[in-house]
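Close look at the chain arrangement
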Amino acid sequence: MIDYIIVGFGIGGSVLSAHLEREGKSILVIDGSAVKASVVAAGLYNPIVLKRYTMAWQGHEQLTYAKLFYNDLAFNLDTSIIQDLPVLRRFHSAEEQNNWFEKIDTPELSQYLSPYLVKNPTNAIQAPFKYGQVMGAGRILISKMLDSYISQLKKKSAYLNEDFDYNLLQIKDEAVFYKGFTAKKIVFCEGFGLKKNPFFNYLPLKQNKGTYLVIECEDLKLKEAIKSHFFIVPLGGNKYKFGATYEHQISKGNYDEEAKVQLISYLNELISVPYTIIDQVTGVRPTVKDRRPLIGRHYEHANLYVLNGLGTRGVMIAPTVAKHLVAFMENDMLLPKEIDCSRYAPK
């Protein structure tokens, strides 16, 4: 008997799997062909909401634990997945500068907002009001992490690359049964695919579509991630990721083309050197109306669980919520009410 079946292997599923294996639990991952928002994402971790210069929800605690977790995971996968990457906020006015310096005096922000203005790191971007630097930020190489982890799981015959068929899942009090496998528990980490899940589709998951452009630009010469209207993130080899859009209501037309036009417009305003668009990537982020993740147990089936709704800061949030879920499943530790999916259980 397997301890856990994990359905879905984006950020949520992979981070949960690592926590369970660290506890000595056996797992089977079932991961389908759907495009993951995790793979599309830039992988940045940063505790500051750069639009308002405020601390993200539990930003300090989540960032501190996330760094410890990813370092441990990188060691176990025998690969490098963490990249120290300065994040610069491009100021558009003297007022934005002043707001930054006012926030520096806030105790929870003082260790993350540099008190020194940063001069322009590239001649390709005009920045008359200079930049503020977020300290402690960085990037997780998500695709590399997932590929390395999947390779490790395949060696243990613990990975199935196929879509999950809900009709074949049998639920008993003592275990769940699926295609000849028996497991004590099953956890669904499917991102927006959860809307097709007959057991958890009552949860108020919303789609938030994000599109990035991948460009090649020899003259940009950036080693930092810059946040202006959108992020521009260096990928190495003169390649950069620019975006992402944030679309709540998906239009019925060719949204990907609309997003491309929007991104090109902002990119042309931002940089003054030639570039080539080499790719366009789009993913649907799973978000929740109260901006808090969805984790916990099904309201009727004691061996069905969910981990979802990580939103735009999934890289930073996932380790903390996965730790809470494992403690809940294994040790009956109470979940924080604000992330417990029972808050949306049918009355």
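All of the points below concern the structure found in this document. Throughout this document, residue positions are counted from 1 along each chain, in the order its sequence is written. The predicted origin of the model limits local features to residues at a pLDDT of at least 70 and limits the giving and counting of side-chain atom pairs to 80 or more, whereas totals for whole chains, interfaces and linings rest on all residues. Excluding hydrogens and water, the side-chain values take into account all heavy atoms of the structure.

**Brief notes about the overall build of the protein chain**
Secondary structure summary: the protein chain contains seven helices and 20 strands in total. Two things to know: the radius of gyration comes from C-alpha atoms, and the globule rule equals 2.2 Å times the number of residues to the power 0.38. Relative to the compact-globule value of 20 Å for 347 residues, the protein chain shows a C-alpha radius of gyration of 21 Å, a close match. Scored against the burial criterion, the 347 residues of the protein chain give a buried share of 51%. Contacts: residue pairs with any heavy atoms within 4.5 Å of one another. Long-range pairs, those at least 24 residues apart, make up 72% of the contacts in the protein chain with a sequence separation of at least 6. In this description, accessible areas are obtained by the Shrake-Rupley approach with a 1.4 Å probe, and a residue is regarded as covered only by the protein chains that are shown. Counting only carbon and sulfur atoms, one obtains 48% of the accessible surface of the protein chain, whose full area is about 16,400 Å². Neither His nor the chain ends is counted toward charge; the positive residues are Lys and Arg and the negative residues Asp and Glu. Note that the charge is assigned to NZ on lysines, CZ on arginines, CG on aspartates and CD on glutamates. Side-chain charges of the protein chain comprise 41 positive and 36 negative groups, with the mean position of each set lying 2 Å from the other. Comment: elements are numbered from the N terminus, with helices defined as DSSP H or I runs of at least four residues and strands as E runs of at least two. Exposure classes here rest on a 1.4 Å probe applied to the protein chains alone. A residue is buried below 20% of its type maximum, exposed above 50%, and partly exposed in between.

**Describing the sheet that holds strand E6 (residues 82-84)**
Two strands pair if DSSP finds at least two bridges between them. Taken together, the three strands give an open sheet; going across it, the order is E3-E9-E6, and neighbouring strands pair in antiparallel fashion. One side of each edge strand has no neighbouring strand; the edge strands of this open sheet are strand E3 (44-45) and E6. Relative to strand E9 (residues 138-140), E3 runs antiparallel, the two being bridged by two bridges. Paired with Leu 44 across the strands is Arg 139, a residue of E9.

**Quick word on the state of the cysteines**
Two cysteine sulfur atoms make up a disulfide if the distance between them is within 2.5 Å. Enumeration over the complete set of coordinates arrives at zero disulfides. Not part of a disulfide, Cys 341 finds its nearest cysteine sulfur in Cys 189, a span of 12 Å. On the accessibility criterion, Cys 341 (1% relative accessible area) is buried.

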